[in-house]
Amino acid sequence: MKIQQEQVFENNKKNLKNHEESYDFLANKLSKDGHDVSKIVSELSDFQVAIPSWALGAGGTRFGRFSFYGEPSSLEQKIDDIGVLHSLTQTAGAVSLHIPWDIPSDYAAIKEKADALNIKFDAVNSNTFQDQKDAAESYKYGSLSNTSKAVREQAIQHNLDVIKIGDKLGSKALTVWLADGSCFPGQNNFQTAFQNTQDSLIDIYKGLPDDWKLLVEYKPYEPNFYSTVIQDWGASLMLANGCGDKAYTLVDLGHHLPNSNIEQIVSILQLKGKLGGFHFNDSKYGDDDLTVGSIKPYALFLIFNELVYGMQNNPQNPDLAWMIDASHNVKDPLEDLIQSLEAIQEAYAKAMLIDQNALKAAQIDNDVVKCQEILQGAYRTDVRPLLEKARLNTGGALSPINAYRELNVRGSLISERGKHTVATGL
């Protein structure tokens with residue numbers, strides 16, 4: 001299914017007057033407060049978030065999975081679904097492939113389809129947390145950290161193969177997330193596991209093209225529950241530094257223990273020029289992979305405050321690879337992704353309203369109350385008219401969720417694909 005520009009235009013007509021009134025009111029107020037509203041809207045229009053190829057179908061847990069009708073059963077259909085998201089939101093202009101779940105059968109055709117929908121190929125993701133059919137070795141006891149050299153070599157080669165796949169599509173980064181760890185005390189030697197991982201990552205790093213980055217992701221627990229080899233940002237940073245200048249830490253919001261100060265982690269990594277990527281989701285307890293902003297919107301805003309500050313003041317840090325990493329267990333996957341994209345844009349817009357000069361002055365004066373007032377003043381601003389304006393300027397929908405429903409997108413997908421398709425990789 002492809003949404004036509006005329007359909008979006010017609011859908012916007014009914015709400016255009018209300019939008020214009022809301023936008024004019026907010027823009028006038030913000031301009032009086034010294035904000036460059038046009039610049040903020042332009043930044044929002046330019047901000048693109050990659051959609052992972054594994055997130056277009058229903059998610060699930062170890063207890064079960066409830067499929068959603070009309071799911072994409074091929075990479076081509078997944079690209080089509082991202083095209084639907086992008087046509088409505090104008091902020092989903094990239095796809096992040098997971099290998100081997102989504103290996104193109106025809107690279108030229110996939111690139112042509114993505115180009116037609118204005119979708120780029122973001123970081124590619126390797127998979128050494130599952131055994132693959134006909135593989136000679138098993139990852140049951142780890143991959144890059146395994147005590148077996150044969151297992152490690154197989155995992156290294158898989159990552160090198162993923163780089164080659166990404167290079168054919170125009171990707172510029174490899175993301176490595178390891179499930180490696182242990183479930184019981186004494187199962188692993190911590191130092192050996194870590195050193196094996198470092199050595200394996202160095203071998204992978206050597207296979208990077210000159211203009212590529214290696215993104216090292218971390219997670220405190222799951223699927224192993226006693227120890228994880230890359231358990232936190234410190235471990236990731238050490239491994240990245242051990243590889244070289246093109247290796248960076250990747251932060252996933254859900255990959256932290258409850259109430260971790262993620263904004264501080266983000267800030268320090270940018271200061272050191274080592275924040276390479278960012279995965280958005282939300283959680284209540286652990287790696288819940290819930291809709292972005294659905295549980296802790298203020299925490300998301302505080303993180304974006306640091307991200308915006310870093311983007312403005314840390315030229316030593318590279319441009320970031322942004323991606324949503326969420327699981328849609330009970331929601332329509334595309335609606336869930338639309339809500340996440342909206343929450344990301346909203347937090348970004350609010351963070352751009354923070355008067356960084358005033359905040360710095362209050363910090364120097366140790367005026368704690370003033371610091372809080374500055375942050376919460378920006379957070380309490382209803383920035384949705386700015387998001388609408390950004391979408392309108394680039395041909396998107398004023399209200400992507402409403403447009404999605406009024407255009408009966410899910411119904412059309414079911415008509416095209418049937419009720420019992422299952423997204424690849426799940």
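Residues numbered from 1 in each chain as written. Predicted model: local features only at pLDDT ≥ 70, side-chain atom pairs only at ≥ 80, totals over all residues. Heavy atoms only, no water.

In the annotation of an unreviewed UniProt entry, the entry for the chain reads Sugar isomerase, and the organism field reads Hyunsoonleella flava.

### Observations regarding the packing of aromatic side chains
One pair of aromatic rings is described through two measures. These are the centre distance and the angle between the planes. Counted by the stated rule, this structure contains 16 aromatic pairs. Here the aromatic cluster, defined as three or more aromatic residues joined through ring pairs, consists of F47, F278, F280, F304, W322 and Y348. In this arrangement the basic side chain of K168 is found over the ring face of Y107, its NZ or CZ atom lying 4.6 Å from the centre. A cation sits over an aromatic face here: K246 above Y205, 5.5 Å from the ring centre. (Phe/Tyr/Trp six-rings, centres within 6.5 Å; stacked < 30°, edge-to-face > 60°. Lys NZ or Arg CZ within 6 Å of the ring centre and 35° of its normal.)

### Digging into helix α15 (residues 409–417)
Within α15, the full set of buried residues consists of V409, R410, L413 and R417. All buried residues of α15 lie within an arc of 95 degrees about the axis, which places them on one face of the element. Backbone geometry just downstream of α15 places G418 in the positive-phi region, at approximately 90 degrees. (Buried < 20%, exposed > 50% of the residue type's maximum accessible area, 1.4 Å probe, protein only. Helix = DSSP H or I, 4+ residues; strand = E, 2+ residues; numbered from the N terminus. Arc of directions from axis to C-beta.)

### Observations regarding the side chain of N281
Summarising the element assignment, N281 is placed in the loop between β10 (275–280) and α9 (297–313). Of the polar contacts made by the side chain of N281, one reaches the side chain of D252; its length is 2.9 Å. Only 3.3 Å separates the side chain of N281 from the side chain of D289, close enough to count as a polar contact. Other than its neighbours up to four places away in sequence, N281 contacts D252, L253, G254, D289, L290, V292 and D325. (Polar contact = N/O pair within 3.5 Å; in protein donor to acceptor, adjacent residues only side chain to side chain. Contact = heavy atoms within 4.5 Å.)

### Considerations on empty space enclosed by the protein
The full count for this structure, using the stated rule, is two cavities of 30 Å³ or more. Here the largest cavity is characterised by a volume of approximately 40 Å³. Surrounding the largest cavity, T89, T91, L341, E342, Q345, R391 and P400 form its lining. Residue contributions to the lining of the largest cavity peak at three residues, all from helix α10 (residues 333–352). Broken down by class, the residue content of the lining of the largest cavity amounts to two nonpolar, three polar and two charged. Of the volumes computed, that of the second largest cavity is approximately 30 Å³. Lining the second largest cavity are S96, D122, A123, N125, T175, L250, H279, A321 and M323. Here the residues of the lining of the second largest cavity are counted per class, giving four nonpolar, four polar and one charged. (1 Å grid on protein atoms, 1.4 Å probe; cavity = no way out; pocket = protein on both sides within 12 Å on 5 of 7 lines; lining within 4 Å. Points joined across faces, edges and corners; volume = space filled by probe spheres on them. Nonpolar A, V, L, I, M, F, W, Y, C, P; charged D, E, K, R; others polar.)

### A few points about the pairing of strand β5 (residues 173–176)
Residues A173 and T175 point to one face of β5 and L174 and V176 to the other, with burial holding for every one of them. Note: strand β4 (residues 124–125) against β5, two bridges, orientation parallel. By the bridge assignment, V124 is partnered in β5 with L174. (Pairing = 2+ DSSP bridges.)

### Overview of the pattern of salt bridges
The final tally for this structure, using the stated rule, is 17 salt bridges. The residue E71 makes a salt bridge to R65 at a minimum N-O spacing of 2.8 Å. For R65, a relative accessible area of 29% translates into the label partly exposed. Here E335 and R405 are joined by a salt bridge, their closest N and O atoms 2.6 Å apart. In this pair, E335 sits in helix α10 while R405 sits in helix α14 (residues 400–406), placing the two residues 70 residues apart along the sequence. Judged by its relative accessible area of 14%, E335 is buried. For R405, a relative accessible area of 56% corresponds to the exposed category. Beyond isolated ion pairs, a larger network of salt bridges with shared partners links K219, E222 and D287. (Salt bridge = Lys/Arg side-chain N within 4 Å of Asp/Glu carboxyl O.)

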